[in-house]
Amino acid sequence: MGASAIRQSGRTVLVIAFCVFLTTSPVAGIGLSSPSDTAQQSAVTDATAGQTDFTDVNASELEGSGTPSDPYNISNVSELQAMEDELDAHYELVSDIDASNTSTWKSGNGFAPIGDDSREFVGTLDGNGYNIDQLSINRSSTSRVGLFGRTDNATIRDVTLTEANITGHKRVGALVGYSHQTTVHGASATGHVSGNESVGGLLGYNNGHNSLVTQSTANANVTATFRMVGSLVGGNDGNATIRQSTATGSVDGGDLAGGLTGLNDDNSTILNTYATTNVNGSSSIGGLVGVNIRNGTIHKSYATGSVSGSGNSIGGLVGNNINSSVTASYWNTQTTGQSQSGGEATALTTANMTGEAAESNMSALAFGDVWETQPDDYPALAWQLPQQGGEDGAPGPDLVVDGEADGDDEYATIQNGIDNASEGDIVEVRPGTYEEPIDVSKNISLIAPGGANITNSSAVPAAYGTAESQQGLQIEGPATPQIAGFRLINWTVGVDATSSEGDWTVLDTQVRGAEDGIVAENASGAWAIERSLIADS
């Protein structure tokens, strides 16, 4: 951190950034036989042939240096494709990406997956909460297909793929085809994903010790013509973990089909998850998991989507449980259409599982910590919901900012939400990019549970600050706001609390590309900065 990261008088401030360190440990696959794979590796060659609206960019031409402290910046889909040039580099998205023209690339084959069996992606990608919209890959004879074909000891976080259209052969997912010993955090995907085997809405195959999917979601229509298919992950194998993640949409496959994942195998773990996916297949079909086998663990999870199959081992939560553990988990007999499930899961009804009734009927879930009840709805994971005000956990957000202002107490801009808030209100900002400066002079909670970007642009009003001084977030007077979950990008000053008098708090916030990350000169209150990152400042 440079000397200009935090500028203040008479105090020392510590900003802590967390890093994930992964170690390599070979793990064998599940060893199931399958039809002949005509193309085992992703083709990452000649990405420019036969395509339109494409500019060939080399990773070395990107802004940044590709290091952890100065990652390469990706602002468009051609730059996204450039990740194939340096597979061990560090990258970050700096804007939403329109990938709709990838449907015309390479004579209709689309985007070339990053990494394959001979050249895995081993770097990092921080999506910074931005979206990649309408990514198209059409490679039905290719395996390891997704934005990333194959990763190994990589880290991918905070990226969303919307309306993806992905087709491959084996190990196919919108984000990663084959994720080996890789951490995926805060990722989500919507759209259509199809293939023959090991097909998932987010990841095709999650494999290996230290392979982790956490706080991630998928809402996808996923199809596998042969087997092993799930709305979030196709197969979870070899000491891999899926934790605090969810899935919805639809799954249609042969054998081993599940609302979350088709397979949980070889000491792998599924913990604190749920699926509302509608699942259809042949044999070993489950609302959450198709087959749980070889010391697999499923704990504190539930399923509610419809489940149907033409063969054997059809279950509300788990289709087939073999020498494995299913505990503290539940399924809805009414909505799944299934009266039985593999493992020691508990059968409940809609009335049992919704609203306040869930807390007593699903008591194995850690309510008030990992899980929260919802009025007239199924339990949600706490990270999905706004921070709760009060010890009883009852109040949610008082105002919502979602960029559209399409309902009562909903606002299009953050500042409009703040201006309309009363003292003590919770203002929740939904994920997205907001090109506006923010001024807070009230005692409110301004939170972005799913992350939100506050970005400088030419639209910044001249009256707010000069070209020499533009503040992303300004805290004024005796106000004591709590601010959490934002990314402030490309401001002269990320957070300006000069001469503030209140006991304000900034949590879980990133400042990037600022001349001064946080300025608190002459601030007299008992202010605090926790779990926040300042980079490129």
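It should be emphasised that the depicted structure is a prediction, and the values quoted were computed from it without experimental measurement.

Asker: Help me understand the overall build of the protein in this model?
Answerer: Check the secondary structure of the protein and you find 5 helices and 49 strands. Counting only residues that meet the buried cut, the protein has 55% of its 537 residues in that class. Surface summary for the protein: the accessible area is close to 20000 Å², and the carbon and sulfur share equals 43%.

Asker: How should I be thinking about the sheet that holds strand S22 (residues 261-265) in this particular structure?
Answerer: By definition, the strands of a sheet pair up through backbone hydrogen bonds, in either a parallel or an antiparallel sense. Spatial strand order, S8-S12-S15-S18-S22-S26-S30: 7 strands in an open sheet with parallel pairing. On the outer flanks of this sheet lie strand S8 (148-152) and strand S30 (318-322), each paired with one strand and no other. Going from strand to strand, the sheet's axes swing by 5 degrees on average, the running direction of each strand aside. Of the strand pairs in this sheet, strand S12 (residues 176-180) and strand S15 (residues 203-207) are connected by 4 bridges, and their pairing is parallel. Counted as the bridge partner of Ser179 is Asn206 from S15.

Asker: Whenever I open this one, the pairing of strand S43 (residues 482-489) confuses me. Can you help?
Answerer: Burial within S43 is extensive, with 7 of its 8 residues counted as buried. When strand S41 (residues 445-455) meets S43, the two strands line up parallel, connected through 7 bridges. Across the sheet, residue Asn453 finds its bridge partner in S43, namely Arg487. Across 3 bridges, S43 lies against strand S45 (residues 505-507) in parallel orientation. Its bridge partner being in S45, Ile483 is matched across the sheet by Val506.

Asker: What should I look at first to understand unusual backbone geometry in this one?
Answerer: With phi around 55 degrees, Leu256 is a residue other than glycine that occupies positive phi space. In this structure, Ala328 is a non-glycine residue whose phi angle is positive, near 50 degrees. Relative to the helices and strands, Ala328 is located in the loop between strand S31 (325-327) and strand S32 (330-332).

Asker: How should I be thinking about the environment of Ser310 in this particular structure?
Answerer: Of note, Ser310 is situated in the loop between strand S28 (307-309) and strand S29 (314-315). Distance from Ser310 to Asp255, taken between C-alpha atoms, is 9.8 Å for residues 55 residues apart in sequence. Setting aside residues up to four positions removed in sequence, Ser310 forms contacts with Gly281 and Ser282.

Asker: What should I look at first to understand the pattern of salt bridges in this one?
Answerer: Side chains that differ in charge, positive against negative, can pair when their charged atoms come close. Under the defined criterion, the tally for this structure stands at 10 salt bridges. Here Arg227 and Glu197 are joined by a salt bridge, their closest N and O atoms 3.2 Å apart. Linking Arg227 in strand S17 (residues 217-230) with Glu197 in strand S14 (residues 188-200), this pair joins segments that are 30 residues apart in sequence. A cluster of three or more residues bridged by salt bridges with shared partners is formed by Asp117, Glu120, Arg144 and Arg150.

Asker: Explain the nonpolar core here, please?
Answerer: Nonpolar side chains in soluble globular proteins tend to be buried together. Ranked by internal contacts, the top residues of the largest apolar core, which has 74 residues, are Leu80, Tyr91, Ile132, Leu147 and Leu175. Looking at this core, the element that brings in the most residues is S17, giving 5 residues. Counting residues in hydrophobic clusters, the runner-up holds 34 residues, among them Leu446, Val506, Val511 and Ile529.

Asker: I keep staring at the packing of aromatic side chains and nothing clicks. Help me out?
Answerer: Both the distance between ring centres and the angle between the ring planes are used here to describe each pair of aromatic rings. Counted by the stated rule, this structure contains 10 aromatic pairs. Aromatic side chains Tyr302 and Trp371 sit 5.8 Å apart centroid to centroid with 40 degrees between the ring planes, which places their arrangement in the tilted category. Placement of the pair is Tyr302 in strand S27 (residues 297-303) and Trp371 in strand S34 (residues 371-374), with a sequence separation of 69 residues. Overall, Trp371 belongs to the buried group, its relative accessible area being 0%.

Asker: Whenever I open this one, the pairing of strand S44 (residues 493-496) confuses me. Can you help?
Answerer: Along any regular strand, the residues point their side chains to alternate faces of the sheet. For strand S42 (residues 471-475) and S44, the ladder comprises 3 bridges, and the chain directions are parallel. In the strand pairing of S44, Gln471 is matched with Val493.

Asker: So what exactly am I meant to see when it comes to the confidence of the model for the protein here?
Answerer: Per-residue confidence for the protein gives a mean pLDDT of 86, with 84% of residues at or over 70. Counting contacts from residues 388-395, a segment whose pLDDT is below 50, to residues more than four positions away or on other chains yields 8 contacts. When the criterion is pLDDT under 50, residues 459-467 qualifies, and its contacts beyond four places in sequence or with other chains add up to 10 contacts.

Asker: I would appreciate a short explanation of the environment of Thr346 in the present structure.
Answerer: The topology assignment puts Thr346 in strand S33 (residues 346-348). Residue classification places Thr346 among the partly exposed positions, given a relative accessible area of 35%.

Rules used in this analysis
Residues numbered from 1 in each chain as written. Predicted model: local features only at pLDDT ≥ 70, side-chain atom pairs only at ≥ 80, totals over all residues. Heavy atoms only, no water. Helix = DSSP H or I, 4+ residues; strand = E, 2+ residues; numbered from the N terminus. Buried < 20%, exposed > 50% of the residue type's maximum accessible area, 1.4 Å probe, protein only. Areas by Shrake-Rupley, 256 points an atom, 1.4 Å probe, with all protein chains shown as cover. Pairing = 2+ DSSP bridges. Axes fitted to C-alpha atoms, helices over the stretch in contact; angles between N-to-C directions. Contact = heavy atoms within 4.5 Å. Salt bridge = Lys/Arg side-chain N within 4 Å of Asp/Glu carboxyl O. Core = buried A, V, L, I, M, F, W, Y, C linked by side-chain atoms within 4.5 Å. Phe/Tyr/Trp six-rings, centres within 6.5 Å; stacked < 30°, edge-to-face > 60°. pLDDT = per-residue confidence, 0-100.

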